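Breakdown of the fold
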Amino acid sequence: MSPAGPSVGALLMNLSTGIGVIFKQYESGEAILKERLISGGPEYFQLTPGARKYLMMKNGAGKIVPINDATFAKYHRTKSSH
């Protein structure tokens, strides 16, 4: 998953919990917060109401496309895990 469009961002890492967080805010004011274990694994996200349009994914053919409903439901979190 990757955000699309110009943005301002920040990367934070908590070495004691092993969690990395990326915050991206867009010119529109919408924002995406992504979190994952520093060691790897799935990347989960939270977002403002209109930010879904900025989420992109790579499909089976390797093409970058807007995130689909199944992938969105799998990785979307309504609150932080930590």
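Residues numbered from 1 in each chain as written. Predicted model: local features only at pLDDT ≥ 70, side-chain atom pairs only at ≥ 80, totals over all residues. Heavy atoms only, no water.

1. Some points on the pairing of strand β3 (residues 19-26)
Note that β3 and strand β4 (residues 31-37) share seven bridges and pair antiparallel. Among the inter-strand pairings, I19 is bridged to a residue of β4, identified as L37. (Pairing = 2+ DSSP bridges. Helix = DSSP H or I, 4+ residues; strand = E, 2+ residues; numbered from the N terminus.)

2. Focus on the pattern of salt bridges
One side chain can pair with another of opposite charge once the charged atoms of both are near each other. Considering all chains together, one arrives at three salt bridges under this definition. Of the charged contacts in the structure, one is a salt bridge between E43 and K34, with a shortest N-O distance of 3.6 Å. Assigned by exposure class, E43 and K34 land together as buried. With a closest N to O distance of 3.1 Å, E35 and R77 form a salt bridge. Remark: R77 occurs in the segment after α1 (69-75) and E35 occurs in strand β4; sequence separation between them is 42 residues. Given the relative accessible area of 6%, E35 is considered buried. (Salt bridge = Lys/Arg side-chain N within 4 Å of Asp/Glu carboxyl O. Buried < 20%, exposed > 50% of the residue type's maximum accessible area, 1.4 Å probe, protein only.)

3. Let's talk about a nonpolar patch on the surface
Nonpolar side chains collect at one region of the surface, where L11, M13, L15 and I38 lie side by side and expose about 450 Å² of accessible area between them. Mapped onto the elements, L11 comes out in strand β2 (residues 7-14). (Patch = residues over 30% accessible without salt bridge, like charges linked within 9 Å, V, L, I, M, F, W, Y side chains within 5 Å. Areas by Shrake-Rupley, 256 points an atom, 1.4 Å probe, with all protein chains shown as cover.)

4. Some remarks on the packing of aromatic side chains
Applying the stated rule across the entire model yields three aromatic pairs. For the pair Y26 and Y54, a centre-to-centre distance of 3.9 Å together with 5° between the ring planes defines the contact as stacked. Taken together, the residues span a long stretch of sequence, with Y26 in strand β3 and Y54 in the loop between β5 (44-47) and β6 (55-58) at a distance of 28 residues. One exposure class covers both Y26 and Y54, and it is buried. Aromatic pair F45 and F72: ring centres 5.4 Å apart, planes at 55°, arrangement tilted. Here F72 lies in helix α1 and F45 lies in strand β5, a separation of 27 residues in the sequence. F72 carries the same exposure label as F45, and that label is buried. The cationic tip of R52 hangs over the ring face of F72; the distance from NZ or CZ to the ring centre is 4.2 Å. (Phe/Tyr/Trp six-rings, centres within 6.5 Å; stacked < 30°, edge-to-face > 60°. Lys NZ or Arg CZ within 6 Å of the ring centre and 35° of its normal.)

5. With respect to empty space enclosed by the protein
Scanning the entire structure with this criterion turns up one cavity of 30 Å³ or more. One number sums up the size of the largest cavity: a volume of about 30 Å³. Lining the largest cavity, in full, are L33, K34, E35, Y44, F45, Q46 and R77. Among the elements of the structure, β4 and β5 are those that each provide at least two residues to the lining of the largest cavity. Class assignment for the residues of the lining of the largest cavity results in three nonpolar, one polar and three charged. (1 Å grid on protein atoms, 1.4 Å probe; cavity = no way out; pocket = protein on both sides within 12 Å on 5 of 7 lines; lining within 4 Å. Points joined across faces, edges and corners; volume = space filled by probe spheres on them. Nonpolar A, V, L, I, M, F, W, Y, C, P; charged D, E, K, R; others polar.)

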